[in-house]
Amino acid sequence: MPKINGNEIRPGNVLEHNGGLWAAVKVDHVKPGKGGAFAQVELRNLRNGSKLNERFRSADKVEKVRLEQKDQQFLYESDGMLVFMDTETYEQVELPAEILGERRPFLQDGMTVVIEYYESEALNATLPQKVTCKVVETEPVVKGQTAANSFKPAILDNGVKVMVPPFVGQDEDIIVNTETMEYAERA
């Protein structure tokens, strides 16, 4: 594995540190008046989700880990386990539903998900950035209510509550951004 200097750490990098795999969430470069500069790095453990703040001087060497990314198709869920199929080898893999966290409701049958592997261990799953959902409950459309930036709550077919513009009515399909969990556009 390649070693990088402490000042080369970027958000999104995966590092091997203290015997665990950590993803850099936030990196601040600090140059105090006295002493050498360092990078203040917020790390998230990829196995258990715990967070850690660590300082790396530019002289410090850290191991940068490359994760293998595979496209896998979601097949079904059974007993809290999600079953995915590798689109190239047709091999099936079972992963715990917690791997998606709060984005779990946006997972739909047949959806292609990018799963990151370290050796043969699945660490992270990323949904497509935009997902189409149906609005099942919202306030009725009111004509003439076009005040800028007025949003109303809506409940989607997967049970998630999002804020939508006033022109979106019930039973309409909308596109939701899975990273921010917000309304993106009409479908």
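The protein is annotated in an unreviewed UniProt entry as Elongation factor P of Actibacterium naphthalenivorans. Under the UniProt heading Function (unreviewed entry), the entry covering the protein gives this text: "Involved in peptide bond synthesis. Stimulates efficient translation and peptide-bond synthesis on native or reconstituted 70S ribosomes in vitro. Probably functions indirectly by altering the affinity of the ribosome for aminoacyl-tRNA, thus increasing their reactivity as acceptors for peptidyl transferase." Regarding the protein, the UniProt comment filed under Pathway (unreviewed entry) reads as follows: "Protein biosynthesis; polypeptide chain elongation."

Trainee: Would you mind showing me how to read the overall build of the protein here?
Mentor: From N to C terminus, the protein includes zero helices and 16 strands. Relative to the compact-globule value of 16 Å for 187 residues, the protein shows a C-alpha radius of gyration of 21 Å, a clear excess of over 25%. The principal-axis extent of the C-alpha atoms belonging to the protein is close to 65 × 50 × 25 Å. Within the protein, buried positions represent 36% of all 187 residues. Taking the intrachain contacts of the protein between residues at least 6 apart in sequence as the baseline, contacts between residues at least 24 apart amount to 43%. In the form shown here, the protein has an accessible surface area of approximately 11300 Å², with 46% of it arising from carbon and sulfur atoms. Computing the positive centroid from 22 side-chain charges and the negative centroid from 30, the protein places the two 10 Å apart.

Trainee: Explain the environment of Val25 to me, please; I cannot follow it from the model alone.
Mentor: Residue placement: Val25 occurs in strand β3 (residues 20-30). Once the C-alpha coordinates of Val25 and Glu121 are considered, the two residues, 96 residues apart in sequence, prove to be 21 Å apart. Those residues in contact with Val25 that lie beyond four places of it in its chain are Pro11, Glu42, Leu43 and Arg44.

Trainee: When you look at the nonpolar core in this model, what are you seeing that I'm missing?
Mentor: Among the nonpolar cores identified, the biggest contains 28 residues, and Phe84, Leu107, Val113, Leu156 and Ile174 are the most heavily contacted of them. At the level of secondary structure, the elements contributing two or more residues to this core comprise β8 (81-86), β9 (92-96), β10 (112-118), β12 (130-138), β13 (152-156), β14 (161-164) and β15 (173-177). The two domains that each donate at least three residues to this core are domain 2 (68-126) and domain 3 (130-186). Residues contacting Leu156, with those up to four places away along its chain left out, are Phe106, Cys133, Lys134, Val135, Val136, Val162, Ile174 and Val176. Formed by eleven residues, the second largest nonpolar core is a distinct cluster that contains Ile4, Ile9, Ala24 and Phe56.

Trainee: Just to check I follow, could you spell out the sheet that holds strand β11 (residues 121-126) for this structure?
Mentor: Hydrogen bonding along the main chain pairs the strands of a sheet, whether they run parallel or antiparallel. Strands sit in the order β9-β8-β7-β10-β11 across an open sheet of five strands; the sheet is antiparallel. Whereas interior strands pair on both sides, the edge strands pair on one side only; in this sheet they are β9 and β11. Each strand axis lies, on average, 45° off the axis of its neighbour in the sheet, ignoring direction. Strand direction decides the pairing type here: strand β7 (residues 68-78) and β8, joined by six bridges, are antiparallel. Across the sheet, residue Gln72 finds its bridge partner in β8, namely Asp86.

Trainee: For this particular structure, what's the right way to read the UniProt feature "domain: Translation elongation factor P/YeiP central" (unreviewed entry) in the protein?
Mentor: Those residues carrying the UniProt feature "domain: Translation elongation factor P/YeiP central" (unreviewed entry) are residues 69-123 in this numbering. For the annotated span residues 69-123, helix accounts for 0% and strand for 56% of the residues, and the straight-line distance between the end C-alpha atoms is 10 Å.

Trainee: Please explain unusual backbone geometry as it appears in this structure.
Mentor: What is expected of a backbone is that most residues other than glycine have negative phi and most peptide bonds are trans. Here Asp171, not a glycine, exhibits a phi torsion of approximately 65°, which is positive. Position of Asp171 relative to the elements: it lies in the loop between β14 and β15. Since its relative accessible area comes to 51%, Asp171 is described here as exposed. You will see that Met181, though not glycine, has its phi angle at about 55°, which is positive. Mapped onto the elements, Met181 comes out in the loop between β15 and β16 (182-186).

Trainee: Help me out: how do you make sense of the pairing of strand β2 (residues 14-17) in this one?
Mentor: Looking along a regular strand, one sees side chains alternate from face to face of the sheet. Across four bridges, β2 lies against β3 in antiparallel orientation. Its bridge partner lying in β3, Leu15 is registered against Trp22. The turn linking β2 back onto β3 is made up of two residues, and Asn18 within it adopts a positive phi angle of 50°.

Conventions adopted
Residue indices begin from 1 for each chain and proceed along its sequence in written order. For this predicted model, a pLDDT threshold of at least 70 governs which residues receive local features, and a threshold of 80 or more governs which side-chain atom pairs are given and counted, while totals over whole chains, interfaces and linings are taken from all residues. Remark: hydrogens and water are excluded; side-chain values derive from all non-hydrogen atoms of the structure. UniProt positions are given in the numbering used here, feature names are shortened, and annotations may be inferred rather than shown by experiment. Only runs of H or I of at least four residues qualify as helices and only runs of E of at least two qualify as strands under DSSP, and these elements are numbered from the N terminus. Both definitions apply: the radius of gyration is a C-alpha atom measure, and the globule rule equals 2.2 Å times residues to the power 0.38. Exposure is judged per residue with a 1.4 Å probe applied to protein chains only, and the accessible area is read against the type maximum: over 50% gives exposed, under 20% gives buried, and values in between give partly exposed. Only heavy atoms matter for contacts: two residues are in contact if any of them lie within 4.5 Å across the pair. Here the Shrake-Rupley method, with its probe set to 1.4 Å, supplies the accessible areas, and only the displayed protein chains count as covering residues. All tallies of charge rest on Lys and Arg as positive and Asp and Glu as negative; His and the ends of each chain are not included. Every charge is mapped onto a representative atom, which is NZ of Lys, CZ of Arg, CG of Asp or CD of Glu. Here, the term nonpolar core denotes a set of buried Ala, Val, Leu, Ile, Met, Phe, Trp, Tyr and Cys residues that are joined through side-chain atoms within 4.5 Å. Bear in mind that the domain bounds are from an automatic or database domain assignment. Strands are treated as partners if at least two bridges between them are detected by DSSP. Axis definition: a line fitted to C-alpha atoms, limited for helices to the stretch in contact. Angles are taken between N-to-C directions and run from 0 to 180 degrees.

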